[in-house]
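# Commentary on secondary and tertiary structure
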Amino acid sequence: MQKYLRIVYCVTICLVIGFLSGKVTQSSISTWYLTLEKPFFNPPNWLFAPVWTLLYIFMGIAAGLVWNELNSKEKEVKNALKFFIIQLGLNALWSYLFFGLQNVLLAAIEVLLLLLMIYETYLKFKLLNKKSGYLLIPYMAWVSFASLLTWSIWWLNR
């Protein structure tokens, strides 16, 4: 039972972070964001919430699976979860930089750091639990796309 509670706890934390990031985002979506020139491959606004919700669920499951390895690999699990927490913080920071501060360049720089931290988290997770690593692949793919999108928006609006 404790194994499932850890997963539920991690999913809940990720969804709360996502919810708070969404709150920062909402204030600018119908105002400032509308004024930006966007590339042709910019997805419709309605797509972001369901994609991010699914990604936060995957992230939480991945973290919970790694946490469940604590008894056998305590040092590695703690290290991997530190990277997870850092990347989760960077994830939330991006929303604040882009939508809260409306600083596209700073968000574009930060998203590259986020992507590197996700990759490092992925490497650490997959060594501890292969499924947890696989669960981070869609997240890495989406943030790679988000990096391209952010840099494109910066370029078009510089």
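Residues numbered from 1 in each chain as written. Predicted model: local features only at pLDDT ≥ 70, side-chain atom pairs only at ≥ 80, totals over all residues. Heavy atoms only, no water.

Even without being glycine, Gln102 reaches a positive phi, approximately 55°. With respect to the element layout, Gln102 can be found in the loop between helix 4 (74-100) and helix 5 (104-128). Relative accessible area serves as the criterion here: at 37%, Gln102 is assigned to the partly exposed category. (Helix = DSSP H or I, 4+ residues; strand = E, 2+ residues; numbered from the N terminus. Buried < 20%, exposed > 50% of the residue type's maximum accessible area, 1.4 Å probe, protein only.)

This next bit is on the nonpolar core. What tends to happen in soluble globular proteins is that the nonpolar side chains get buried as a cluster. Core analysis: the largest hydrophobic core is formed by 43 residues, its most contacted members being Met59, Phe98, Phe125 and Tyr139. Those elements that provide at least two residues to this core are helix 1 (2-29), helix 2 (32-35), helix 3 (45-67), helix 4, helix 5 and helix 6 (130-157). A per-element tally of this core places helix 4 first, with 10 residues. With residues near it in sequence (within four places) discarded, Met59 still touches Cys14, Phe84, Gln87, Leu88, Leu136 and Tyr139. (Core = buried A, V, L, I, M, F, W, Y, C linked by side-chain atoms within 4.5 Å. Contact = heavy atoms within 4.5 Å.)

Turning to the packing of helix 4 against helix 5, a few remarks are in order. Relative orientation and spacing of two packed helices are given, respectively, by the angle between their axes and the distance between those axes. At their nearest, the axes of helix 4 and helix 5 sit 8 Å apart, and the two run at 160° to each other. What the angle tells us is that helix 4 and helix 5 run roughly antiparallel. Helix 5 is crossed by helix 4, and the crossing has left-handed handedness. Tallied by class, residues from the contact of helix 4 with helix 5 come to 21 nonpolar, four polar and four charged. (Axes fitted to C-alpha atoms, helices over the stretch in contact; angles between N-to-C directions. Parallel < 35°, antiparallel > 145°, perpendicular 65-115°, else oblique. Left-handed = near helix turned anticlockwise from the far one by under 90°. Nonpolar A, V, L, I, M, F, W, Y, C, P; charged D, E, K, R; others polar.)

Turning our attention to the packing of helix 3 against helix 6. Where helix 3 meets helix 6, the axes come as close as 8 Å, and the angle between the chain directions of the two elements is 145°. Read as a crossing pair, helix 3 and helix 6 show a hand that is left-handed. Residues Leu47, Phe48, Val51, Trp52, Leu55, Phe58, Met59, Ile61, Ala62, Leu65 and Val66 of helix 3 lie in contact with helix 6, whose contacting residues are Lys131, Ser132, Leu135, Leu136, Pro138, Tyr139, Trp142, Val143 and Leu149. Split into classes, the residues belonging to the contact of helix 3 with helix 6 amount to 18 nonpolar, one polar and one charged.

What follows is about the side chain of Asn91. Looking at the element boundaries, Asn91 is found in helix 4. Non-local contacts of Asn91, meaning those with residues more than four positions away in its chain, are made with Trp52, Tyr56, Glu110, Leu114 and Tyr139.

Moving on, we come to the pattern of salt bridges. Summed over all chains, the structure comprises two salt bridges. Two residues, Lys78 and Glu74, come together in a salt bridge whose shortest N-O distance is 2.8 Å. Pair noted here: Lys78 and Glu74 are both in helix 4, with a separation of four residues, about one helical turn. Ionic pairing is found between Lys124 and Glu120, a salt bridge with its closest N-O pair at 3.4 Å. Of this pair, Lys124 and Glu120 both sit in helix 5, four residues apart, which is roughly one turn of that helix. Looking at Glu120, the relative accessible area reads 28%, which means it is partly exposed. (Salt bridge = Lys/Arg side-chain N within 4 Å of Asp/Glu carboxyl O.)

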